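# A closer look at the structure
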Amino acid sequence: IYFDDDHPEKLKETYLYAKHACLINAVTGDVLFEKAADEQAEPASTTKIVTLITALSLCNPEETIVIPDEATDVPEDSTLVPVEPGEMMTMQDLLYGMMIRSGNDAANAVAVLCSGSTEAFAEQMNRKAAELGMTNSHFVNAHGYSAEGHYTTVRDLVTAARYGLTQELFRKIVTCLKYTLPATNKRDSLVLTLKWEIFDPESKYYIPNAAGVKSGYTSSAGFCYVGAYQQDGTTLIAAVMGGKRRSMAWTDLKRLFAYGMAVTE
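In this report, the structure presented in the accompanying data block is examined. (Residues numbered from 1 in each chain as written. Predicted model: local features only at pLDDT ≥ 70, side-chain atom pairs only at ≥ 80, totals over all residues. Heavy atoms only, no water.)

A tally of regular secondary structure across the protein chain gives seven helices and nine strands. Relative to the 2.2 N^0.38 estimate, which gives 18 Å for 265 residues, the radius of gyration of the protein chain is 18 Å and therefore close to what a compact globule would have. In the protein chain, the proportion of contacts linking residues at least 24 apart, taken out of those at least 6 apart, comes to 61%. Split by element, the accessible area of the protein chain, about 12,000 Å² in all, is 46% carbon and sulfur. If the 23 positive side-chain charges of the protein chain are averaged to one point and the 34 negative ones to another, these points end up 5 Å apart. (Helix = DSSP H or I, 4+ residues; strand = E, 2+ residues; numbered from the N terminus. Rg over C-alpha atoms; globule rule 2.2 N^0.38 Å. Contact = heavy atoms within 4.5 Å. Areas by Shrake-Rupley, 256 points an atom, 1.4 Å probe, with all protein chains shown as cover. Lys, Arg positive; Asp, Glu negative; His and termini not counted. Charge placed at Lys NZ, Arg CZ, Asp CG, Glu CD.)

What follows deals with the layout of surface pockets. Quantified by volume, the largest pocket comes out at close to 570 Å³. Residue lining of the largest pocket: 34 residues in total, with Ser45, Thr79, Ser102, Gly216 and Tyr217 positioned closest to the centre. It is strand E7 (residues 210-218) that contributes the most residues to the lining of the largest pocket, seven residues altogether. Of the pockets and cavities examined, the second largest pocket occupies roughly 230 Å³. (1 Å grid on protein atoms, 1.4 Å probe; cavity = no way out; pocket = protein on both sides within 12 Å on 5 of 7 lines; lining within 4 Å. Points joined across faces, edges and corners; volume = space filled by probe spheres on them.)

Moving on, we get to the packing of helix H1 (residues 48-58) against helix H2 (residues 91-100). Where H1 contacts H2, the two axes come as close as 10 Å, and the packing angle between them is 170°. One element, H1, and the other, H2, form an angle in the roughly antiparallel class. Note that H1 runs across H2; the crossing there is left-handed. Contact residues: Lys48, Ile49, Thr51, Leu52, Ala55 and Leu56 in H1; Leu95, Met98 and Met99 in H2. Its residues placed into classes, the contact of H1 with H2 shows seven nonpolar, one polar and one charged. (Axes fitted to C-alpha atoms, helices over the stretch in contact; angles between N-to-C directions. Parallel < 35°, antiparallel > 145°, perpendicular 65-115°, else oblique. Left-handed = near helix turned anticlockwise from the far one by under 90°. Nonpolar A, V, L, I, M, F, W, Y, C, P; charged D, E, K, R; others polar.)

Now for the packing of H1 against helix H4 (residues 118-131). Remark: H1 packs on H4, axes separated minimally by 9 Å, with the N-to-C direction vectors making an angle of 100°. Of the possible angle classes, the one that applies to H1 and H4 is roughly perpendicular. Of the residues in H4, those touching H1 at Val50, Thr51, Ile53, Thr54, Ala55, Ser57 and Leu58 are Phe121, Gln124, Met125 and Lys128. Considering only residue class, the contact of H1 with H4 consists of six nonpolar, four polar and one charged.

Alternating residues of strand E6 (residues 190-193) divide into Leu190 and Leu192, all buried, and Val191 and Thr193, none buried. Relative to E6, strand E5 (residues 178-181) runs antiparallel, the two being bridged by four bridges. Across the sheet, the residue bridging to Thr180 is Val191, located in E6. (Buried < 20%, exposed > 50% of the residue type's maximum accessible area, 1.4 Å probe, protein only. Pairing = 2+ DSSP bridges.)

Turning to the environment of Glu13, a few remarks are in order. Turning to its location among the elements, Glu13 is positioned in the segment before strand E1 (20-25). Separated by 20 residues in the primary sequence, Glu13 and Phe33 have C-alpha atoms spaced 8.7 Å apart. In contact with Glu13, not counting residues within four places along its chain, are Phe33, Glu34 and Lys35.

Spelled out as C-alpha cells, the structure:
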C-alpha cells in the first residue's frame, strides 16, 4: 500500500499527499497521470503563471515603468518584493520580482501597468486562459490571494505552464534561482533568491533535473506547486494542489516525475 521507489510505474492516486495532481509530457501534451485533475480549487500564487503569460503578451519587458499606487493595495499578510509607488525599474525586473519573491505588490503593479486596473487585467487573464484551453479556471486578481470566484484546476495549470515554457522570457524567469534587481530611485540593489528544497543538493527533497515554475500557499488553498523536469530528452510538467505541507508536495513531485520517466522510457 506504499509507494515503492524501485517501481515508480506503480504509482496510484492514494500514494500522493496532494488533493489534486496532474502530470503531462510537455512535448506531446499527453496526460500521464491525474488525480482529481478537473476539480476546481484555489491556486494561491500559482496564479502568477497566468499573470506572467498575460503580462508578456501585453507589455514591453525592456520598458522603464513607474510603480503605481495600487501596488500597496494588497492583503495584510501578502508576500512583498517589496516595490513602492513612484519607484522606477524595467518591466522585466518587476516580473522577476513577482515570480522569484512571489510579490503580490509586484503582481498588482504589473496588472495596472498592463491594463489600467487590476480588474481589467483579471479580465485579460481570463481571456488568455480561455485561449489556452483552460476550461475550468476563473481569475479575479493577479496575485492569487484567496477570493470568491478565483479558482483553477491542476489540468489547467499544467496547460498554462506548458504554453509558458515555450516562451523564452517566461522560461528564463521561472527557472531563475537568483536575480539581482538593480538599485532604483527608492532602494539599493536587491538580490532575489529562490530557496526551494527541490533545488538544493544538500536537501533530502532535492530533485536533480527539476526546474521552475511556481509555488503557492494560503491557509485555505494549502500548498500548491507547478514544476518541470527534464531528463534524457524528455520534459515533464506536474502540478499539485491542496497539499498540507511543502515537504509533501516535494515528495509528490518526486514520485510523479519518477512515474513519468518510467512510463515514457
